[in-house]
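# Examining the three-dimensional arrangement
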Amino acid sequence: MPARKRVLSGMRPTGRLHLGHLVGALENWIKLQDQYQCFFFVADWHALTTDYADTSQITDNTCQMVTDWLAAGLDPEKATFFVQSRVPEHAELSLLFSMITPLGWLERVPSYKEQREQIRDKDLGTHGFLGYPVLQAADILIYKAHFVPVGEDQVAHVELTREIARRFNSFYKASRGRRVFPEPEALLTPTPKLPGLDGRKMSKSYGNVLELADEPETIREKVSAMLTDPQRVRRTDPGRPEICPVFGYHRRYSTEAVIKQVDRDCRTAAIGCVDCKALMVEHLLPVLEPIRERRRQYEARPESVANILAEGSRKARGVARRTMNQVREAMQMVFDWEKRKRLRAKAERTP
Ligand code: TRP
Ligand code: SF4
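## Thoughts on the site of ligand 1
Neighbouring residues of ligand 1: 14 residues in total, closest R12, Y132, Q136, D139 and Q154. Within the side chain of Y132, an N or O atom sits 2.7 Å from a nitrogen atom of ligand 1. A distance of 3.1 Å separates a nitrogen atom of ligand 1 from a polar atom in the side chain of Q136. Here ligand 1, which alone exposes 360 Å², has 92% of that area covered by the protein. Mapped onto the shell around ligand 1, the elements with two or more residues apiece are strand 1 (6–11), helix 8 (132–141) and strand 4 (147–150). The biggest single contributor to the shell around ligand 1 is helix 8, with four residues.

## So, the domain arrangement of the protein
Taken domain by domain, the protein comprises domain 1 (6–194 + 303–340) and domain 2 (214–297). Of note, the centres of domain 1 and domain 2, computed from C-alpha atoms alone, are 37 Å apart. Facing 15 residues of domain 1, the contacting portion of domain 2 comprises ten residues. Of the roughly 970 Å² buried between domain 1 and domain 2, counting both surfaces, carbon and sulfur atoms make up 57%. Looking at the side of domain 1 facing domain 2, the largest losses of area belong to L19, A71 and L194, adding up to 49% of the total buried there. Counting across the domain 1 and domain 2 interface gives two salt bridges. Taking the shortest distance from any N to any O, the salt bridge between R295 and D68 comes out at 3.0 Å. Put simply, domain 1 and domain 2 have four residue pairs in polar contact (both at pLDDT 80 or more) between them.

Calculation criteria
Residues numbered from 1 in each chain as written. Chains lettered and ligands numbered in written order. Predicted model: local features only at pLDDT ≥ 70, side-chain atom pairs only at ≥ 80, totals over all residues. Heavy atoms only, no water. Near = heavy atom within 4 Å. Polar contact = N/O pair within 3.5 Å; in protein donor to acceptor, adjacent residues only side chain to side chain. Areas by Shrake-Rupley, 256 points an atom, 1.4 Å probe, with all protein chains shown as cover. Helix = DSSP H or I, 4+ residues; strand = E, 2+ residues; numbered from the N terminus. Domains from an automatic or database assignment. Contact = heavy atoms within 4.5 Å. Buried area = accessible area lost by both parts, 1.4 Å probe. Salt bridge = Lys/Arg side-chain N within 4 Å of Asp/Glu carboxyl O.

Spelled out as structure tokens, the structure:
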């Protein structure tokens, strides 16, 4: 059987994850771990590109986030989980890529300009921030990943990764003229996004999230404060489920019959928002309960998460080291004398 194709993806360590992460990324990762050889990692160096001035939360955020990965159903028996900075070869490859990446390519990445304009409280005029996609290219290419599951906002980074791979391959060849790096493809996450509590995109910075670790009581409170159709001022006003975030949750978590009933009863004001929300929560909680239960198990043994990351990082490093050997050979930067002699002899034999 040929080796399964490789998938790689990462997240910056943002701490506890929310329902938007579950729907927008984790559920997809969980499917992929059964089909591919998967590597999932914490991009802690990438966190530094914006949060370099305060590094105090990085390790805690890493543990919290990975606990949520595992709680959601990602499985260390099936996939490899690691921390970027525990595989320092990423930095070496990133440095080499930085030599061949034209500045114009980086300045043209849409997220670069947007973020520099949007994030005003930090100085993002750093080498590291401009080089963000170079490091990301190293993350992906060091594992020769075929597929990179990401959201829409990351597609430009995967595109740039393909360009860097192409440029590297055109300058440097592996033995017998082969190319060192495959060109990875973005796997756009197919699931529709869940709205946040206020109807905007769910995001920690908007304060409109349901955390995976929230207790049922907290979920009930947050949902009872959720925005509904603003035209439904009185209980007797008919509503428009299609613009109501609560209905977005029904659509995803309730049964077909309940969705139909809510759709009808909202429009005729037969149901009030309080009851509608309570009905929604009863369908949502059973989805979160097994996640919270697994989280409790990991929290009871905090060293287990650390061990999973240590073991995964060791495994990832083995792969990364092999790629770096090929990279140094292709670039003719081998300083091990015996190895160099062997490579020379081989090069003479194969014209
Ligand atoms: N830039 C990604 C994000 O912000 C995180 C990331 C870093 C990543 N390296 C990666 C994602 C490599 C996929 C592959 O979400
Ligand atoms: Fe939204 Fe339900 Fe209220 Fe209709 S009844 S506006 S769907 S919360």
